[in-house]
Amino acid sequence: MRIGVLGTGNMADALATHWVRAGHEVFVGGRDGRRAERLAARLGGGTRHGTPEEAAGFGAVVLAALPYGAGAEVVADVRAPLAGRVLLDCSNPVGPGFRLLTEGGPSAARRLADAAPGARVVKAFNLCHEDVWRMTPPVFDGSPLAVPVCGDDGEALALVGELVRDAGCTPLVGGGLDRAGLLEATAALFIGLWVGEGADARAIAPPLAFATGPAEGAPPRP
């Protein structure tokens with residue numbers, strides 16, 4: 001698969017490393033040409049580099065590894081070559097005090113979709129720190145990390161699901177793009193629990209077998 005990358009930061013590095021290792025062709029596009037060149041060299045595997053517009057027109061999937069606030073502007077600038085392509089948004093609109101910056105407005109993913117109306121936007125990879133995505137693979141207690149993905153296009157979801165599996169994870173379809181805001185809000189909550197409280201966010205949900213309570217006939221636990 002051909003994959004364009006918009007951005008040269010930690011998330012671009014962490015995710016693209018898996019995809020280069022899996023044999024995909026990657027093109028890094030950044031406003032800072034030197035940073036794009038350095039990231040391409042670090043990724044290896046014949047990774048190319050150039051402008052954001054070149055990256056937007058390169059692949060079947062284009063990763064928007066851009067901070068919230070800058071993402072929509074960059075995407076709007078390259079909206080023409082993004083037409084028809086899968087635009088993968090991994091941003092987290094979380095500010096000081098673990099506050100959700102989009103509260104009361106459209107999600108970060110929806111803002112990208114509005115900025116490039118011809119693109120097929122999918123939200124994924126936003127729930128974990130970039131160093132989790134650097135793990136090879138992210139496996140905990142013997143189970144691969146599950147990655148929720150939200151989008152309106154079935155083919156786009158399938159392509160992103162392939163990239164999730166290439167990172168050693170399991171894709172979970174979480175609904176349409178209208179639910180991307182729920183993923184972003186979940187990230188704000190989890191980051192607040194992990195960083196603010198030092199709490200294990202996994203402890204807030206029961207195992208799947210107990211999602212609707214104890215099995216019928218099972219005695220209640222003390």
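Provided above is the structure to which this section pertains.
For the structure given in this document, a descriptive report is provided here. Remember, it's a predicted structure, so these values are computed and weren't measured experimentally.

### As for the overall build of the protein chain
Phase 1 of the analysis: For the protein chain, the count of helices and strands is 9 helices and 12 strands.
Phase 2 of the analysis: In summary, the protein chain has a C-alpha radius of gyration of 18 Å against a globular reference of 17 Å for 222 residues, a match within 12%.
Phase 3 of the analysis: A principal-axis box enclosing the C-alpha atoms of the protein chain has dimensions of 60 × 40 × 35 Å.
Phase 4 of the analysis: Within the span of the protein chain, comprising 222 residues, buried residues form 43% of the whole.
Phase 5 of the analysis: Considering only residue pairs separated by 6 or more positions, the protein chain has 70% of its internal contacts joining residues 24 or more positions apart.
Phase 6 of the analysis: Carbon and sulfur atoms provide 54% of the accessible area of the protein chain, an area that totals close to 11,100 Å².
Phase 7 of the analysis: Here the protein chain carries 20 positive and 24 negative side-chain charges, and the mean point of each set is 3 Å from the other.

### Considerations on the pairing of strand E1 (residues 2-6)
Phase 1 of the analysis: With 4 of 5 residues buried, E1 is to be regarded as a mostly interior element.
Phase 2 of the analysis: Note that E1 and strand E2 (residues 25-29) share 5 bridges and pair parallel. Counterpart to Ile 3 in the pairing with E2 is Val 26.
Phase 3 of the analysis: Between the parallel elements E1 and E2, the chain passes through helix H1 (residues 10-21) in a crossover that is right-handed.
Phase 4 of the analysis: Here 4 bridges tie E1 to strand E4 (residues 61-64), and the two strands are oriented parallel to one another.

### Describing unusual backbone geometry
Phase 1 of the analysis: The omega torsion across Thr 136 and Pro 137 is -5°, close enough to zero to call that bond cis.
Phase 2 of the analysis: As for its position among the elements, Pro 137 is in the loop between helix H7 (130-133) and strand E9 (139-140).
Phase 3 of the analysis: Its identity as a non-glycine residue notwithstanding, Phe 98 has a phi of 60°, on the positive side.
Phase 4 of the analysis: Tracing the chain through its elements places Phe 98 in the loop between strand E6 (94-95) and strand E7 (99-100).
Phase 5 of the analysis: Owing to a relative accessible area of 34%, Phe 98 belongs among the partly exposed residues under this scheme.
Phase 6 of the analysis: Here Phe 125, not a glycine, exhibits a phi torsion of approximately 65°, which is positive.

### A closer look at the side chain of Thr 8
Phase 1 of the analysis: By the secondary structure assignment, Thr 8 is in the loop between E1 and H1.
Phase 2 of the analysis: Relative accessible area serves as the criterion here: at 15%, Thr 8 is assigned to the buried category.
Phase 3 of the analysis: For Thr 8, the side chain forms a polar contact with the side chain of Arg 35, separated by 3.5 Å.

### Remarks on the sheet that holds strand E8 (residues 120-123)
Phase 1 of the analysis: If you walk across this open sheet you meet the 8 strands as E3-E2-E1-E4-E5-E8-E11-E12, and the pairing is mixed. Among the strands making up the open sheet, the edge pair consists of strand E3 (48-50) and strand E12 (170-173). Between one strand axis and the next, the sheet turns by 25° as a mean value, whatever way the strands run.
Phase 2 of the analysis: Two strands pair when backbone bridges link them, and E4 and strand E5 (residues 86-89) are joined in this way by 4 bridges, in the parallel orientation. By the bridge assignment, Val 61 is partnered in E5 with Val 86.
Phase 3 of the analysis: Those strands touched by helix H2 (residues 33-43) are E2 and E3, and its axis lies near 170° from that of E3.
Phase 4 of the analysis: The sheet strands contacting helix H6 (residues 108-115) are E4, E5 and E8, and the helix crosses E8 at an angle near 165°.

### Some points on the pattern of salt bridges
Phase 1 of the analysis: Counted by the stated rule, this structure contains 13 salt bridges.
Phase 2 of the analysis: Residue Asp 13 pairs with Arg 134 through a salt bridge whose shortest N-O separation is 3.7 Å. Here the residue Asp 13 occupies a position in helix H1, and Arg 134 occupies one in the loop between H7 and E9, the gap between them amounting to 121 residues.
Phase 3 of the analysis: Judged by relative accessible area, Asp 13 falls into the buried class, the value being 10%.
Phase 4 of the analysis: In this structure, the salt-bridge partner of Asp 141 is Arg 202, at a minimum N-O distance of 3.3 Å.

Conventions used here
Residues numbered from 1 in each chain as written. Predicted model: local features only at pLDDT ≥ 70, side-chain atom pairs only at ≥ 80, totals over all residues. Heavy atoms only, no water. Helix = DSSP H or I, 4+ residues; strand = E, 2+ residues; numbered from the N terminus. Rg over C-alpha atoms; globule rule 2.2 N^0.38 Å. Buried < 20%, exposed > 50% of the residue type's maximum accessible area, 1.4 Å probe, protein only. Contact = heavy atoms within 4.5 Å. Areas by Shrake-Rupley, 256 points an atom, 1.4 Å probe, with all protein chains shown as cover. Lys, Arg positive; Asp, Glu negative; His and termini not counted. Charge placed at Lys NZ, Arg CZ, Asp CG, Glu CD. Pairing = 2+ DSSP bridges. Right-handed = clockwise from strand over helix to strand, strands pointing away. Polar contact = N/O pair within 3.5 Å; in protein donor to acceptor, adjacent residues only side chain to side chain. Axes fitted to C-alpha atoms, helices over the stretch in contact; angles between N-to-C directions. Salt bridge = Lys/Arg side-chain N within 4 Å of Asp/Glu carboxyl O.

Interpretation in functional terms is not warranted from these geometric data alone.
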